[in-house]
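Below, each chain spelled out in residue letters.
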Amino acid sequence: MNPSHLSPFLFVRKSPHFHHSFQFQFRSLSTTTPPQNRIIALYFHHIYSKKKKRNIFNLKKQLNVTGCYVFGKPGRIIAEGEPENVSAFLLSIKRMKWQRVLLVSDKMYDTASGNARKFEGFFEVESDKVLREMMEQRGLKEEFGKFFTEI
């Protein structure tokens, strides 16, 4: 029996290389998915470390992530880009030692209908007030509203 007939979404088959391991393969019903971007909001107790700031900038260059940030207490980062790159950015950030870091919001949006990225570059914002205004201008206030409440 062909394992691909088991489910259109997922089938499991034994790996020929390992006796007790399984290999998962995902199958989609749709052959073409529209291109998407992912945008996340991170809250930090604080961001003061020069080394961490430098690491954040290196990550955004390597992964082609755009967005903005507020360093200090509290610290906030908005990052967007291709879903795989944003996931790698998030994973790398979470691997650093922080007093507190929370993924406050996470959203996917289509880019096929002319929705380009919400941010150009990766830049600093002076305050939470300015960041809130920027989010409103970009139509992100609803999704990221809880980002501005004290956590």
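Residues numbered from 1 in each chain as written. Predicted model: local features only at pLDDT ≥ 70, side-chain atom pairs only at ≥ 80, totals over all residues. Heavy atoms only, no water.

Would you take a moment to explain the packing of aromatic side chains for this structure?
Aromatic rings in a pair are described by how distant their centres are and how their planes are angled relative to each other. Applying the stated criterion across every chain, the model contains eight aromatic pairs. Between F44 and W98, the ring centres sit 4.5 Å apart and the planes meet at 55°, which makes this aromatic pair tilted. In this pair, F44 sits in strand β3 (residues 36–44) while W98 sits in the loop between α2 (83–95) and β6 (101–110), placing the two residues 54 residues apart along the sequence. W98 carries the same exposure label as F44, and that label is buried. (Phe/Tyr/Trp six-rings, centres within 6.5 Å; stacked < 30°, edge-to-face > 60°. Helix = DSSP H or I, 4+ residues; strand = E, 2+ residues; numbered from the N terminus. Buried < 20%, exposed > 50% of the residue type's maximum accessible area, 1.4 Å probe, protein only.)

How should I be thinking about the pairing of β3 in this particular structure?
For a regular strand, the rule is simple: side chains alternate between the two faces of the sheet. With eight of its nine residues buried, β3 lies for the most part within the structure. Note that β3 and β6 share nine bridges and pair antiparallel. The partner of Y43 across the bridge, within β6, is L102. Summarising the sheet, β3 and strand β5 (residues 75–81) pair through seven bridges and their orientation is antiparallel. By the bridge assignment, A41 is partnered in β5 with I78. (Pairing = 2+ DSSP bridges.)

How should I be thinking about the nonpolar core in this particular structure?
Generally speaking, a soluble globular protein has its nonpolar side chains buried in company with each other. In this structure, L42, F44, I56, I77, F89, I93 and W98 are the most contacted members of the largest nonpolar core, which totals 20 residues. Those elements that provide at least two residues to this core are β3, α1 (50–63), β5 and α2. At four residues, the largest contribution of residues to this core is made by α2. Of all hydrophobic cores here, the second largest spans 12 residues; its members include A41, C68, V125 and M135. (Core = buried A, V, L, I, M, F, W, Y, C linked by side-chain atoms within 4.5 Å.)

How should I be thinking about helix α3 (residues 128–137) in this particular structure?
One turn of an α-helix holds 3.6 residues; hence residues three or four places apart share an orientation. Along α3, the residues that are buried comprise L131, M134 and M135. Each buried residue of α3 lies within a common arc of 100° when the element is viewed along its axis, so the set occupies one face. Turned more than 90 degrees off the buried face of α3, the exposed positions are K129 and Q137. Against the buried residues of α3 lie β4 (66–70), β5 and β7 (122–124). Phi for G139, located one or two positions after α3, is positive at around 70°. (Arc of directions from axis to C-beta. Contact = heavy atoms within 4.5 Å.)

Sorry, what's going on with the packing of α1 against α2 here?
How two helices sit against one another is set out by the angle between their axes and by the gap between those axes. Relative orientation of the contacting elements α1 and α2 amounts to 160°, with a least axis distance of 10 Å. The angle between the axes of α1 and α2 places the two elements in the roughly antiparallel class. Crossing of α1 over α2 shows right-handed handedness. Residue-level contacts link I56, L59, K60 and L63 of α1 to N85, A88, F89, S92 and I93 of α2. Per-class residue counts for the contact of α1 with α2 are six nonpolar, two polar and one charged. (Axes fitted to C-alpha atoms, helices over the stretch in contact; angles between N-to-C directions. Parallel < 35°, antiparallel > 145°, perpendicular 65-115°, else oblique. Left-handed = near helix turned anticlockwise from the far one by under 90°. Nonpolar A, V, L, I, M, F, W, Y, C, P; charged D, E, K, R; others polar.)

What should I look at first to understand the pattern of salt bridges in this one?
Oppositely charged side chains may form a pair once their charged atoms are brought near each other. Enumeration according to the criterion identifies two salt bridges in this entry. Linking D106 and R38 is a salt bridge whose minimum nitrogen-to-oxygen distance equals 2.5 Å. With D106 in strand β6 and R38 in strand β3, the pair connects residues that are 68 residues apart, well separated along the chain. Take R38: its relative accessible area is 11%, and that puts it in the buried class. The residue R76 makes a salt bridge to D128 at a minimum N-O spacing of 2.9 Å. Separated by 52 residues along the polypeptide, R76 in strand β5 and D128 in helix α3 bring together distant segments of the chain. Take D128: its relative accessible area is 22%, and that puts it in the partly exposed class. (Salt bridge = Lys/Arg side-chain N within 4 Å of Asp/Glu carboxyl O.)

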